[in-house]
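This is what each chain is made of:
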Amino acid sequence: MHNEGHIGLGFLVYSPLAFVLAYHEMYVTFIAGCIAIQYWSHFPDIDLHLSFVEHRGITHTLFMALFAGVITAVVAVGLITADVLPATLFANEEVGVSTKELVGGFGFLVGVLGVTSHILGDLFTPMGVEPAAPISNANISLNLFRARNKTANRAFSKVGFYAIGVALVLGVLSSTGALQNILDAFRGIIENLSGIHSE
């Protein structure tokens, strides 16, 4: 899979978490997550530019996913601790955890999700990946399409971007109660239409 598809798949994987952030009105964290997912979802292909690293080797493993999570958590907490980013941007009293715990845990999760989504994307291709290397050299491939398949890459890209948009809209509508009002209105319309047809 190419960058376009990897980023879209990363956004698709991130969208449930994005919904939760939008629901809790944590928009700065939502955006920070989008940026981190975008970065980590295509990072493993850095091996294409490093002559000393095999393509789809160590950068395409669950160990790299854990490493990405730790790095993202450390950087995020460091930015808060050093007052580079004000903690108030990320705070939300409803969540009930400290800002550093929230940012650290969120950073770890986003780093892991980003790299894991990349691995998942490469599982679809004939070359596959060895996600448990160096513990296991078992290559896993679903062999559904080639990495350069433009249709598949565009489809993942579009679905991912739509998923993020839907997560944001549904999160905002849910947090304000507007979604419930919309659902109640539709329910009323359906009940009225059912009553008309039953007469």
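What this report covers is the structure whose coordinates are included nearby. Note that the structure is a prediction, hence the values are computed from the model and not measured.

## What about the pattern of salt bridges?
Using the criterion set out here, one finds two salt bridges in the structure. Taking the shortest distance from any N to any O, the salt bridge between Asp 122 and Arg 56 comes out at 3.3 Å. One end of the pair, Asp 122, is in helix 4 (residues 99-123); the other, Arg 56, is in the loop between helix 2 (27-42) and helix 3 (62-81), and 66 residues separate them in sequence. For the pair formed by Asp 122 and Arg 56, the shared burial category is buried. Of the charged contacts in the structure, one is a salt bridge between Arg 187 and Asp 184, with a shortest N-O distance of 2.7 Å.

## Section: the nonpolar core
In this structure, Tyr 14, Leu 21, Val 110 and Ile 164 are the most contacted members of the largest nonpolar core, which totals 17 residues. Elements with a minimum of two residues in this core: helix 1 (3-23), helix 2, helix 4 and helix 5 (150-176). It is helix 1 that provides the largest number of residues to this core, a total of six residues. Apart from residues no more than four positions distant in its own chain, Ile 164 is found in contact with Phe 11, Tyr 14, Ser 15, Ala 18, Phe 30 and Cys 34. Trp 40, Met 64, Ala 65 and Val 129 belong to the second largest nonpolar core, which has 10 residues in total.

## A few points about unusual backbone geometry
Trans is the prevailing form of peptide bonds, just as negative phi is the prevailing case for residues other than glycine. Put simply, Ala 133 and Pro 134 share a cis peptide bond, and its omega is 5 degrees. Note on placement: Pro 134 falls in the loop between helix 4 and helix 5. Although it is not a glycine, Glu 25 sits at a positive phi angle of roughly 60 degrees. Along the chain, Glu 25 turns up in the loop between helix 1 and helix 2. Taking relative accessible area as the criterion, Glu 25 reaches 49% and is therefore assigned partly exposed. Notably, Asn 143 is not glycine yet its phi reads approximately 50 degrees, a positive angle. Checked against the element boundaries, Asn 143 lands in the loop between helix 4 and helix 5.

## With respect to the layout of surface pockets
Computed from the structure, the largest pocket encloses a volume of approximately 280 Å³. If you trace the largest pocket, you find 18 residues lining it, with Ala 32, Thr 72, Ala 76, Leu 79 and Leu 85 closest to the centre. Residue assignment for the lining of the largest pocket shows that the elements contributing at least two residues are helix 2, helix 3 and helix 4. Class assignment of the residues belonging to the lining of the largest pocket gives a composition of 14 nonpolar, four polar and no charged.

## A look at the side chain of Asp 45
Assignment of secondary structure puts Asp 45 in the loop between helix 2 and helix 3. Look at Asp 45: it is buried, it has no salt bridge, and the nearest opposite charge is Arg 56 at 5.5 Å. When sequence neighbours within four positions are dropped, the list of residues in contact with Asp 45 reads Met 1, Asn 3, His 6, His 55, His 60, His 118 and Asp 122.

## Some points on helix 3
In this model, helix 3 (20 residues) spans 28 Å end to end at C-alpha, consistent with the 28 Å of a helix rising 1.5 Å per residue. Listing the buried residues of helix 3 in full gives Met 64, Ala 65, Ala 68, Gly 69, Thr 72, Ala 73, Ala 76 and Ile 80. Buried residues in helix 3 make contact with helix 2 and helix 4. Two residues or fewer past helix 3, Asp 83 is found with a positive phi of approximately 60 degrees.

Rules and cut-offs
- Residues numbered from 1 in each chain as written.
- Predicted model: local features only at pLDDT ≥ 70, side-chain atom pairs only at ≥ 80, totals over all residues.
- Heavy atoms only, no water.
- Salt bridge = Lys/Arg side-chain N within 4 Å of Asp/Glu carboxyl O.
- Helix = DSSP H or I, 4+ residues; strand = E, 2+ residues; numbered from the N terminus.
- Buried < 20%, exposed > 50% of the residue type's maximum accessible area, 1.4 Å probe, protein only.
- Core = buried A, V, L, I, M, F, W, Y, C linked by side-chain atoms within 4.5 Å.
- Contact = heavy atoms within 4.5 Å.
- 1 Å grid on protein atoms, 1.4 Å probe; cavity = no way out; pocket = protein on both sides within 12 Å on 5 of 7 lines; lining within 4 Å.
- Points joined across faces, edges and corners; volume = space filled by probe spheres on them.
- Nonpolar A, V, L, I, M, F, W, Y, C, P; charged D, E, K, R; others polar.
- Lys, Arg positive; Asp, Glu negative; His and termini not counted.
- Expected span 1.5 Å × (residues − 1).

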